[in-house]
Amino acid sequence: MYRVSDVMTKQVVYLSAETTLDEAARVMKEADIGDVVVTDGASLAGMLTDRDIVVRAVAERANPEDTTIGSIITREVVMIEQHSTAAEAVSLMRERNIRRVLVCDSDRKLVGIVSLGDLAMQLDPTSALADISEAVPNS
């Protein structure tokens, strides 16, 4: 039985809420990721996804050089303990209708992120979702 810690992405990228959209987009591109954890000082402020940038900023014609990520992030984050089962993570994602969950240790310290794609690639590598979730080389 897979645990969340077996399938999660361990390298979390953090950005300050004061980071501009264009800088956040560059970081995501360079790291080949679709999400970052946003901090406000030492506190967790929320999460930013590439979809947030498109829906909450680009579609609203926000200036990427002036708009901070803190103004468009998802503030309500969902966490799961790293020793939870992968099935529990899937159930949580289904229940909350989300694609990513922050992973914490028993002290509630952030240790990773698990995505729907991470789960698909580990649990059923021959599925269509796993094929779609595999890393695609930058063009």
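What counts, and at which threshold
- Residues numbered from 1 in each chain as written.
- Predicted model: local features only at pLDDT ≥ 70, side-chain atom pairs only at ≥ 80, totals over all residues.
- Heavy atoms only, no water.
- Helix = DSSP H or I, 4+ residues; strand = E, 2+ residues; numbered from the N terminus.
- Buried < 20%, exposed > 50% of the residue type's maximum accessible area, 1.4 Å probe, protein only.
- Contact = heavy atoms within 4.5 Å.
- Areas by Shrake-Rupley, 256 points an atom, 1.4 Å probe, with all protein chains shown as cover.
- Pairing = 2+ DSSP bridges.
- Axes fitted to C-alpha atoms, helices over the stretch in contact; angles between N-to-C directions.
- Salt bridge = Lys/Arg side-chain N within 4 Å of Asp/Glu carboxyl O.
- Patch = residues over 30% accessible without salt bridge, like charges linked within 9 Å, V, L, I, M, F, W, Y side chains within 5 Å.
- Core = buried A, V, L, I, M, F, W, Y, C linked by side-chain atoms within 4.5 Å.

Caption draft 1: Up close: the overall build of the chain. Within the chain one finds six helices and six strands. Taken from N to C terminus, the helices and strands of the chain fall in the order α-β-α-β-β-α-β-α-β-β-α-α. Out of the 139 residues belonging to the chain, those deemed buried represent 40%. Long-range pairs, those at least 24 residues apart, make up 53% of the contacts in the chain between residues at least 6 apart in sequence. For the chain, the computed accessible surface area is about 8500 Å², with 48% contributed by carbon and sulfur atoms.

Caption draft 2: Representation of the sheet that holds strand S6 (residues 110-115) in the model. Spatially, three strands are ordered S4-S5-S6 in an open sheet, and the strand pairing comes out mixed. In this open sheet, the two edge strands, each paired with only one partner strand, are strand S4 (79-81) and S6. Taken over all neighbouring pairs, the strand axes of this sheet differ in orientation by 35° on average, direction set aside. Bridging between strand S5 (residues 100-104) and S6 involves five bridges; their strand directions are antiparallel.

Caption draft 3: Just the pattern of salt bridges, in detail. Taken as a whole, this structure holds five salt bridges when the rule is applied. Arg 96 is the partner of Glu 76 in a salt bridge, and the nearest nitrogen-oxygen pair spans 2.7 Å. Highlighted residues: Glu 76 in the loop between helix H3 (50-58) and S4 and Arg 96 in helix H4 (residues 86-96), separated in sequence by 20 residues. Overlapping salt bridges bring together Asp 22, Glu 23 and Arg 26 as one network.

Caption draft 4: Looking closely at a nonpolar patch on the surface. A cluster of nonpolar residues, Val 54, Val 55 and Val 58, forms a patch on the protein surface that exposes about 250 Å² of accessible area. Inspection of the secondary structure assignment puts Val 58 in helix H3. For Val 58, a relative accessible area of 55% puts it in the exposed group.

Caption draft 5: Region of interest: the nonpolar core. Ranked by internal contacts, the top residues of the largest apolar core, which has 15 residues, are Val 38, Leu 48 and Ile 69. No other element matches helix H2 (residues 21-31), which puts four residues into this core. Residues within four places of Ile 69 in sequence aside, it is in contact with Leu 15, Ser 16, Ala 17, Thr 19, Thr 20, Leu 21, Ala 24, Val 38 and Leu 48. Membership of the second largest hydrophobic core comes to 13 residues, among which are Val 4, Val 7, Val 78 and Leu 92.

Caption draft 6: Layout of unusual backbone geometry. With a phi close to 55°, Asn 97 is a non-glycine residue in the positive phi region. By secondary structure assignment, the location of Asn 97 is in the loop between H4 and S5. Its identity is not glycine, yet Arg 108 carries a phi of approximately 65°, on the positive side. Among the secondary structure elements, Arg 108 is positioned in the loop between S5 and S6. For Arg 108, a relative accessible area of 57% translates into the label exposed.

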